[in-house]
Amino acid sequence: RLITGSGQPQIVRAPVLNLEVNITNSIYEQRRIAGCFDLIDEMINQYTNKVAVLELYKKGLMQRVFPTSK
């Protein structure tokens, strides 16, 4: 349940306390899960870099379209 108001929303404690979370004891499975997160982090970094490169490319194109007079 989410409480909303003029401030930031808060998570109510009671429903969270009743949640069951399965945690694996298998080191192999933990490493596989960590590997998935590492892969996701790497993908995020690659896309972040790609966006930065494309923004520079766009800036260069815009300078060609609308050159500044010196």
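What counts and how
- Residues numbered from 1 in each chain as written.
- Predicted model: local features only at pLDDT ≥ 70, side-chain atom pairs only at ≥ 80, totals over all residues.
- Heavy atoms only, no water.
- Helix = DSSP H or I, 4+ residues; strand = E, 2+ residues; numbered from the N terminus.
- Buried < 20%, exposed > 50% of the residue type's maximum accessible area, 1.4 Å probe, protein only.
- Areas by Shrake-Rupley, 256 points an atom, 1.4 Å probe, with all protein chains shown as cover.
- pLDDT = per-residue confidence, 0-100.

Engineer: I would appreciate a short explanation of the overall build of the protein chain in the present structure.
Structural biologist: Across its full length, the protein chain holds 2 helices and 2 strands. The helix and strand sequence of the protein chain, counted from the amino end, reads β-β-α-α. Within the protein chain, buried positions represent 1% of all 70 residues. Accessible area for the protein chain stands at about 7400 Å²; split by element, carbon and sulfur atoms hold 58% of it.

Engineer: Explain the confidence of the model for the protein chain to me, please; I cannot follow it from the model alone.
Structural biologist: In low-pLDDT regions, the fine details of the predicted coordinates are not to be read closely. Taken as a whole, the protein chain shows an average pLDDT of 87; of its residues, 86% reach a score of 70 or greater. When pLDDT is averaged over each helix and strand of the protein chain, the minimum, 56, is found for strand S1 (residues 2-3) and the maximum, 96, for helix H2 (residues 27-65).

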